[in-house]
Amino acid sequence: MEGLLAQYQEEFKRTASFRPFEQIRSILPQLKGHFLLSMVSGADRSIVKHIVDDFFPGIFDAVISGDDVSKGKPEPEPFLKAAHMLEVNPTDCVVVENATKGVEAAKRAGMYCVAVPTYVSPDKLERADKIFDNHGELAQYLLSLK
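Residues numbered from 1 in each chain as written. Predicted model: local features only at pLDDT ≥ 70, side-chain atom pairs only at ≥ 80, totals over all residues. Heavy atoms only, no water.

Q: How would you sum up the pairing of strand β4 (residues 112-115)? Please name residues and give values.
A: Two strands pair when backbone bridges link them, and strand β3 (residues 94-97) and β4 are joined in this way by four bridges, in the parallel orientation. Looking across to β4, one finds that glutamate 97 is bridged to alanine 115. After leaving β3, the chain enters helix α5 (residues 100-108) and then returns to the sheet as β4, a path that is right-handed. By the bridge criterion, two bridges tie β4 to strand β5 (residues 130-131) in an arrangement that is parallel. In the sheet register, valine 114 faces β5, and the bridge partner there is lysine 130. (Pairing = 2+ DSSP bridges. Helix = DSSP H or I, 4+ residues; strand = E, 2+ residues; numbered from the N terminus. Right-handed = clockwise from strand over helix to strand, strands pointing away.)

Structure follows, in structure tokens:
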């Protein structure tokens with residue numbers, strides 16, 4: 001089974017066409033100058049590490065993968081673990097999400113959640129505190145928090 005998992009992870013890395021949203025990627029260094037940043041993903045640790053190392057080196061102060069928690073999204077554990085690692089109160093966090101389970105997890109963790117409907121319709125993200133139409137609007141909002 002372990003060999004199969006390693007093979008899957010290697011194949012995912014080889015074939016995945018992951019590309020970060022450029023408007024967000026470009027503002028992360030600016031935000032890092034003012035805030036602690038974390039990435040919380042349900043993906044396997046090796047996949048998350050690959051993405052962080054390739055696209056966001058030195059950006060995130062904490063990285064949580066699906067392998068780092070016993071209960072993933074929509075449970076609040078991944079976000080609470082990130083807040084704990086950053087040594088911040090969950091109520092002082094702003095979560096950026098694009099998935100229903102992520103919004104649910106953030107709200108259950110007691111965090112402020114903003115969302116962009118990149119893969120789901122906006123009504124699926126209705127529990128978010130604020131929903132943006134696109135990444136440009138989100139980027140402007142995040143930069144206004146500095």
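Q: Lay out the nonpolar core with the relevant residues and their values.
A: One finds Leu28, Phe56, Phe60 and Leu138 to be the most contacted residues of the largest nonpolar core, which totals 20 residues. Listing elements by their share of this core, those giving two or more residues are α2 (22-32), α3 (45-55) and α6 (135-144). Sequence-distant contacts of phenylalanine 60, that is, excluding residues within four places in its chain, are made with Leu28, Leu37, Ser38, Met39 and Val52. Within the second largest apolar cluster, 17 residues are counted, among which are Cys93, Ala105, Ala106 and Cys113. (Core = buried A, V, L, I, M, F, W, Y, C linked by side-chain atoms within 4.5 Å. Buried < 20%, exposed > 50% of the residue type's maximum accessible area, 1.4 Å probe, protein only. Contact = heavy atoms within 4.5 Å.)

Q: Any details on the side chain of histidine 135? Residues and values, ideally.
A: With respect to the helices, strands and loops of the structure, histidine 135 is situated in helix α6. Histidine 135 sits in the buried class, given a relative accessible area of 12%.

Q: So, α6: which residues are in play, and what are the values?
A: The complete set of buried residues in α6 reads His135, Gly136, Leu138, Ala139, Tyr141 and Leu142. Considering only its buried residues, α6 is in contact with α2, β3, β4 and β5. Looking at where α6 begins, the residue whose side-chain oxygen comes 3.0 Å from the main-chain nitrogen of glycine 136 is asparagine 134. (Polar contact = N/O pair within 3.5 Å; in protein donor to acceptor, adjacent residues only side chain to side chain.)

Q: Can you break down the sheet that holds β4 residue by residue, with the values?
A: As summarised here, the arrangement of the three strands in space is β3-β4-β5, forming an open sheet in which the pairing is parallel. Here the strands that pair on one side only, and so sit at the sheet edges, are β3 and β5. Its contacts with the sheet put α6 on β3, β4 and β5, and the angle it makes with β4 is roughly 150°. (Axes fitted to C-alpha atoms, helices over the stretch in contact; angles between N-to-C directions.)

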